[in-house]
Amino acid sequence: KLELAQLQDAMPADDLPSVHRLLEAELGPEWRSSVKLYDGPPLGSATIAQVHRARLRVVREGGRVEEVEGVVKVQHRHVERSLLIDIGASQIVALLASFAFPHLFQDMRVVVKDLSVLTRAELDFRIEAQSQATARELLAAADASVEALCEEEC
């Protein structure tokens, strides 16, 4: 288990210019007006994404803009394409296995379909942002607080 955790945390990070290009492609040419990445390596890099320390411009109640310390999670280049290819290949293998050995692999297509749904959800950071927003609401209801959350496609 420890070895797998080390592998997941040891994914090579994308270089900063690549991260900047991705942010521009996702957020537009003016992305630097909302996000300032700190120079240096990311805080962490795992299988799907890496996380960078940043200063974020957050709009508070009443339209007041405030800069806060935060992080930006950036998906590795090409990871989505690679995982979608893997999903497609897994679906083909599951189909062939279920026909070739129906008594052994009758549930394989269902398992692969479920893993496909979970993997696609992992690739969609908007789902993660929604989960964080829900957690923030629950914390607020419990009289706890969270500083800021970027709810845009970041």
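Details of the structure are given in the entry above.
Attention in this report is confined to the structure presented alongside it. Keep in mind the model is a prediction, meaning the values are calculated, not measured.

In this section: helix 3 (residues 79-100). Along its 22 residues, helix 3 runs 31 Å from first to last C-alpha, staying within 8% of the 32 Å computed at 1.5 Å per residue. Three or more residues of helix 3 are buried, namely Val79, Ile87, Ala94, Ala97 and Ser98. Taken down its axis, helix 3 places every buried residue within 100° of arc, on the same side. Facing away from the buried side of helix 3 by more than 90 degrees, the exposed set consists of Arg81, Ile85, Ile92, Val93, Leu96 and Phe99. Next to the buried residues of helix 3 lie strand 4 (65-75) and helix 4 (108-123).

Here we come to the pattern of salt bridges. Counted according to the given criterion, the structure contains 8 salt bridges. Across the pair Glu69 and Arg55 runs a salt bridge whose closest N-O atoms are separated by 2.7 Å. In this pair, Glu69 is assigned in strand 4 and Arg55 in strand 3 (residues 49-59), connecting sequence segments 14 residues apart. For Glu69, a relative accessible area of 42% translates into the label partly exposed. For Arg64, the salt bridge goes to Glu66, with nearest N and O atoms at 3.1 Å. Residue classification places Arg64 among the partly exposed residues on the basis of a relative accessible area of 48%. Using a relative accessible area of 25% as the deciding quantity, one classes Glu66 as partly exposed. When salt bridges that share partners are traced, they join Arg53, Arg55, Glu67 and Glu69 into one network.

Okay, unusual backbone geometry next. Phi at His78 takes a positive value of approximately 65°, unusual for a residue other than glycine. Counting through the fold element by element, His78 comes out in the loop between strand 4 and helix 3. Classification of His78 by relative accessible area gives exposed; the value is 51%.

Glancing now at the environment of Leu37. Along the chain, Leu37 falls in strand 1 (residues 35-37). Exposure remark for Leu37: the relative accessible area of 7% places this residue in the buried category. Separated by 21 residues in the primary sequence, Leu37 and Leu16 place their C-alpha atoms 9.1 Å from one another. If near-sequence neighbours (up to four positions away) are discounted, Leu37 is found in contact with Leu16, Val19, His20, Leu23, Trp31, His52, Arg53, Ala54 and Val72.

Pairing of strand 1 with strand 3 involves 3 bridges; the strand directions are antiparallel. Each bridged residue has a counterpart across the sheet, and for Leu37 the counterpart in strand 3 is Ala54. Taken together, the 2 bridges between strand 2 (residues 44-45) and strand 3 define a ladder with antiparallel strand orientation. Its bridge partner lying in strand 3, Gly44 is registered against Val51. In sequence, strand 2 turns back onto strand 3 through a hairpin of 3 residues. Pairing geometry for strand 3 and strand 4, over 11 bridges, is antiparallel.

With that out of the way, let us pick up the side chain of Gln75. If you trace the backbone, Gln75 turns up in strand 4. Among the polar contacts made by the side chain of Gln75, one reaches the main-chain carbonyl oxygen of Leu123 at a distance of 2.9 Å. Setting aside anything within four residues of it in sequence, one finds Gln75 in contact with Asp14, Leu22, Ile48, Ala49, Glu80, Leu123 and Phe125.

Cut-offs and rules
- The numbers attached to residues start from 1 for each chain and follow its sequence in the written order.
- Local features in this predicted model are restricted to residues of pLDDT 70 or higher, and side-chain atom pairs are both shown and tallied only at a pLDDT of 80 or more, whereas totals for entire chains, interfaces and linings draw on every residue.
- Think of the side-chain values as coming from all heavy atoms in the structure, minus any hydrogens and water.
- In this text, helices come from DSSP runs of H or I with a minimum length of four residues, and strands from runs of E with a minimum of two, each type numbered from the N-terminal end.
- Here, expected helix span is obtained from the residue count minus one, scaled by 1.5 Å.
- The classification of residues rests on relative accessible area computed with a 1.4 Å probe and restricted to protein chains. Under 20% of the type maximum is buried, over 50% is exposed, and intermediate values are partly exposed.
- An arc is given here, and it is the one of the directions from the helix axis to the C-beta atoms.
- Working rule for contacts: check all heavy atoms of both residues, and any pair within 4.5 Å makes them a contact.
- For this analysis, a salt bridge means a side-chain nitrogen from Lys or Arg found within 4 Å of a carboxyl oxygen belonging to Asp or Glu.
- The criterion for strand pairing is that DSSP finds at least two bridges linking the strands in question.
- Whenever two N or O atoms come within 3.5 Å, that pair is a polar contact, provided that in protein one can donate a hydrogen and the other can accept it, and provided that, for residues adjacent in sequence, both atoms are side-chain atoms.

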